[in-house]
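# Per-entry structural report
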Amino acid sequence: MTLQEEAPTPARAPGEALVVLDHVDKWFGDLHVLQDINLTVTRGEVVVVIGPSGSGKSTLCRTINRLETIDQGSISLDGEPLPEEGKELARLRAEVGMVFQSFNLFAHKTILENVTLGPIKVRKQSKADAEKRAKELLDRVGVGHQAAKYPAQLSGGQQQRVAIARALAMEPKVMLFDEPTSALDPEMIKEVLDVMVDLAQGGMTMIVVTHEMGFARTAADRVVFMADGAIAEENTPEEFFTNPQSARAQDFLGKILKH
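Residues numbered from 1 in each chain as written. Predicted model: local features only at pLDDT ≥ 70, side-chain atom pairs only at ≥ 80, totals over all residues. Heavy atoms only, no water.

### As for the packing of helix H5 (residues 156-168) against helix H6 (residues 186-201)
Test applied: With axes taken as lines fitted to C-alpha atoms, and helix axes fitted only over the stretch in contact, angles between N-to-C directions fall between 0 and 180 degrees. Counting from the N terminus, the helices are the DSSP runs of H or I reaching at least four residues and the strands are the DSSP runs of E reaching at least two. Orientation is classified from the angle alone, with under 35 degrees giving roughly parallel, over 145 giving roughly antiparallel, 65 to 115 giving roughly perpendicular, and any other angle giving oblique. Left-handed describes a crossing in which the near helix is turned anticlockwise from the far one by less than a right angle; the clockwise case is right-handed. Here a residue-residue contact requires only that any non-hydrogen atoms of the pair lie within 4.5 Å.
Interhelical geometry of H5 versus H6 gives an angle of 20 degrees and a closest axis separation of 8 Å. Relative to H6, the element H5 is oriented roughly parallel. At the point where H5 passes H6, the crossing takes the right-handed sense. On H6, the residues touching Gly156, Gly157, Gln158, Gln160, Arg161, Ile164 and Leu168 of H5 are Met188, Glu191, Val192, Val195, Met196 and Leu199.

Rendered as structure tokens:
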């Protein structure tokens, strides 16, 4: 996907707040990795988080389902503060789908078993219902014919599409993507991005940390640019890519768009 080929999609009408980060701070020792983060993501919105390496993008993403704790501030999902631990945290994680750089599939389970495990164990769905839904989702992401195979028998791009289907099987309120294409070969990146664009167009609320500027320009309603642990700028894709306001964003785009 190139920036020249893709026209930005029009932003959706504003919805109600679904994910709210309010004055969030986090330190790793002396390193202030998240600095006074204020971000509201509305239902059905696609927010793409970009920025240089070490800017806090992945840490931000991982705080939203408490894979990383925060030191100050608050995060809420659908009006409820994130629980600290225990059953409530498990319930929250069922509402927040997460797709990582590495696919994190269970190597000893088939593709179908990978996708049905959460719905059966956490959502208490029957095996028949979970398998029916899993097959629909695997078809949707283009790997339905691979359901009986094991992860090692699939390409990286196929495994990542399975990981997306697995997250969707939990019927989450929001999907988090933490650099989902960075471990893939170039020819596999498009097949995963195509699935993500399809999800975005279908109205899924998404927070996507990525280096894929074409995806940011095509699928995002809003681009959030991070630098040094802070949100330096946020705007529509069209405004951000054609008229970045901050010196950091101008420098960042100047480096990546020349290549």
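### Thoughts on the nonpolar core
One broad rule of soluble globular proteins: the nonpolar side chains tend to lie buried together. Inclusion rule: Think of a nonpolar core as a cluster: buried Ala, Val, Leu, Ile, Met, Phe, Trp, Tyr and Cys residues, connected wherever their side-chain atoms sit within 4.5 Å. Each residue is assigned to one of three classes by its accessible area relative to the maximum for its type, calculated with a 1.4 Å probe on protein chains only: buried under 20%, partly exposed between the two thresholds, exposed over 50%.
Counting 51 residues, the largest nonpolar core has Leu138, Ile164, Met175, Phe177, Met196, Met206 and Phe215 as its most contacted members. With 9 residues, the top contributor of residues to this core is H6. Of all hydrophobic cores here, the second largest spans 27 residues; its members include Leu18, Val24, Leu34 and Ile37.

### Observations regarding the sheet that holds strand S7 (residues 174-178)
To keep it simple, the criterion reads: In this analysis, strands are considered paired if DSSP registers two or more bridges between them.
Taking strand neighbours across the sheet as the criterion, the 6 strands line up as S6-S7-S8-S3-S9-S10 in an open arrangement whose pairing is mixed. The open sheet has two free edges, formed respectively by strand S6 (96-99) and strand S10 (230-235), since each of these has just one partner strand. This sheet shows a mean twist of 20 degrees between the axes of neighbouring strands, independent of strand direction. Bridge count for strand S3 (residues 46-50) against strand S8 (residues 206-209) is 4 bridges, and the pairing is parallel.

### Details of the pattern of salt bridges
Spelled out, the test is: The term salt bridge refers to a pairing of a side-chain nitrogen on Lys or Arg with a carboxyl oxygen on Asp or Glu at a separation within 4 Å.
Going through the model one piece at a time under the given rule, you end up with 18 salt bridges. We note a salt bridge from Glu68 to Arg62, for which the minimum N-O separation is 3.7 Å. A relative accessible area of 25% means that Arg62 is categorised as partly exposed. Put simply, Lys173 and Asp78 hold a salt bridge, and the shortest N to O gap is 2.8 Å. One end of the pair, Lys173, is in the loop between H5 and S7; the other, Asp78, is in the loop between strand S4 (72-77) and strand S5 (80-81), with 95 residues separating them in the sequence. According to the relative accessible area criterion, Lys173 is partly exposed, its value standing at 32%. In this structure, a network of salt bridges that share partners links the residues Glu16, Arg43, Asp78 and Lys173.

### As for the environment of Val141
With respect to the element layout, Val141 can be found in the loop between helix H4 (127-140) and H5. Considering only alpha carbons, one finds Val141 and Asp194, 53 residues apart in sequence, at a separation of 9.0 Å. Contacts of Val141, omitting those with residues within four sequence positions, involve Arg161, Ala165 and Val195.

### Some thoughts on the UniProt feature "domain: ABC transporter" (unreviewed entry) in the chain
Operational definition: UniProt positions are given in the numbering used here, feature names are shortened, and annotations may be inferred rather than shown by experiment.
This chain's UniProt record puts "domain: ABC transporter" (unreviewed entry) on residues 19-253. As annotated, residues 19-253 comprises 39% helix and 26% strand, and the C-alpha atoms at either end are separated by 27 Å.

### Things to note about the confidence of the model for the chain
Note the cut-off: A residue's pLDDT is the confidence the predictor assigns to it, expressed on a 0 to 100 scale.
For the chain, per-residue confidence averages 89 on the pLDDT scale, and residues scoring 70 or more make up 94% of the total. Contacts from residues 1-13, a stretch scored under 50 in pLDDT, to residues over four places away or in other chains number 27 contacts.

### Some details on the pairing of S3
Burial within S3 is extensive, with 5 of its 5 residues counted as buried. Taking every second residue as pointing to the same face, both faces of S3 are buried, with Val46, Val48 and Ile50 on one and Val47 and Val49 on the other.

### Some words on the sheet that holds strand S1 (residues 17-28)
Whenever strands of a sheet pair, they do so through backbone hydrogen bonds, lying parallel or antiparallel. Taken in spatial order, the 4 strands line up as S2-S1-S4-S5 in an open sheet, and their pairing is antiparallel. Since the sheet does not close on itself, it has two edges, and those belong to strand S2 (31-42) and S5, each with one partner. Judged from the 2 bridges that link them, S4 and S5 form a sheet pairing that is antiparallel. Residue pairing for S5: Ser76 is matched across the bridge by Pro81.

### Remarks on the packing of aromatic side chains
Two measures describe an aromatic ring pair: the distance that separates the ring centres and the angle between the ring planes. Where we set the bar: Stacked, tilted and edge-to-face are the three classes assigned to paired rings of Phe, Tyr and Trp, where Trp is represented by its six-membered ring and a pair needs centres within 6.5 Å; plane angles under 30 degrees give stacked, over 60 edge-to-face, the rest tilted.
Tallied over the full model, the rule gives 3 aromatic pairs. Arranged with centres 5.3 Å apart and planes meeting at 50 degrees, the rings of Phe225 and Phe252 form a pair that is tilted. Of the two residues, Phe225 is situated in strand S9 (residues 222-227) and Phe252 in helix H9 (residues 247-256); the sequence distance between them amounts to 27 residues. A relative accessible area of 0% means that Phe225 is categorised as buried.

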